[in-house]
Amino acid sequence: MPIDAAKAIAAEPRSTEINWDHKDIQLYHLGLGAGVPATDPDELRYTLESRLHVLPSFATVAGAGMGVVGGLSAPGVDVDLAAVLHGGQSITLHRPIPVRGRATSTSRVAAVHDKGKAAVLVLRTEAADEDGPLWTSDAQIFVRGEGGFGGERGPSVGGGQPDRAPDRTVERTVREDQALLYRLSGDWNPLHADPEFAKLAGFDRPILHGLCTYGMTLKAIVDTLLGGDVTRVRSYGTRFAGVVFPGETLRIRMWAGEGRVRATVTAVERDDATVLSDTVVDHT
């Protein structure tokens, strides 16, 4: 069997030392489209080192970690990369991420779920520095054709959007060069840059990184409903439901609740095709 769930979960965690400074933070924020308008005081919090704060989704690119490809090389996991989809992402913040940091990142396969036609691997990365835990990040990886092994189905995802009009709706333009800039934060998959490679993968042109859409959405929610205060975010999760192409416009619908924001994200130019769903930000 390509996936031995018991062996994958029992494997020793992998640890690596990671570090970052203001340049990594600024590059990440610019890759999300921050800095427009360039002199806007609200945008300078993302781009100017003397005012810098850290958007919590930076946790997904900080240092090497296990990453999706690394997780798929874990003991007990032997799958075809062509059958792999990044199905969802969540992060839990234990305290605000510092502008400059050094931490130990520990990664493991936390769970393997049997969805019938697919298996779902939960790749968990935990980061801690000398002062204690910083964040926990879970990537949910769908592996098509590897289900049906008799394992637990795992928790149901979703909950959908509230049955009412959104409290706020904003639009964010994805620049034509945004994938080229975002990939400098560490995801070098040619799917996001090379037209020929994208065609081999079934797309007529390169697509935007799902984690870039993920970060753009969190920034929009923080800026729109949380007063621009990144330290209010406690956790953030989403399900990847479709692709985004550079040059498109994201429409982000938000529903505010007590300590929680729900959101959906669609591509305006493709008749509001859903790209992120079941999106939830828990906050103070």
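Just so you know, these numbers come straight off a predicted model, no measurement behind them.

Student: Quick rundown of the sheet that holds strand β4 (residues 118-129)? Include the residues and the values.
Tutor: Strands belonging to one sheet form pairs held by backbone hydrogen bonds; the direction of such a pair is parallel or antiparallel. Taken in spatial order, the 10 strands line up as β1-β3-β4-β5-β2-β7-β10-β9-β8-β6 in an open sheet, and their pairing is antiparallel. At either margin of the open sheet sits one strand with a lone partner, and together these are β1 (14-20) and β6 (168-173). Neighbour-to-neighbour, the strand axes of this sheet turn through a mean angle of 20°, independent of strand direction. Note that strand β2 (residues 84-93) and strand β7 (residues 233-240) share 5 bridges and pair antiparallel. Looking at β7, one finds that Ile 91 is bridged to Tyr 236.

Student: Any chance you could break down the packing of aromatic side chains for me, citing the residues and the numbers?
Tutor: Considering all chains together, one arrives at 7 aromatic pairs under this definition. Each ring, one from Trp 20 and one from Phe 58, has its centre 6.2 Å from the other, and the planes form 65°; the classification is edge-to-face. Of the two residues, Trp 20 is situated in strand β1 and Phe 58 in the loop between α3 (41-47) and α4 (67-71); the sequence distance between them amounts to 38 residues. Trp 20 sits in the buried class, given a relative accessible area of 3%. Relative to Tyr 182, the ring of Tyr 28 lies with its centre 6.1 Å away and its plane at 55°, an arrangement referred to as tilted. Of this pair, Tyr 28 sits in helix α2 (residues 22-31) while Tyr 182 sits in helix α5 (residues 178-182); the two residues are 154 residues apart in sequence, bridging distant segments of the chain. Here the aromatic cluster, defined as three or more aromatic residues joined through ring pairs, consists of Trp 20, Tyr 28, Phe 58, Trp 135 and Tyr 182.

What counts, and at which threshold
- Residues numbered from 1 in each chain as written.
- Predicted model: local features only at pLDDT ≥ 70, side-chain atom pairs only at ≥ 80, totals over all residues.
- Heavy atoms only, no water.
- Pairing = 2+ DSSP bridges.
- Helix = DSSP H or I, 4+ residues; strand = E, 2+ residues; numbered from the N terminus.
- Axes fitted to C-alpha atoms, helices over the stretch in contact; angles between N-to-C directions.
- Phe/Tyr/Trp six-rings, centres within 6.5 Å; stacked < 30°, edge-to-face > 60°.
- Buried < 20%, exposed > 50% of the residue type's maximum accessible area, 1.4 Å probe, protein only.

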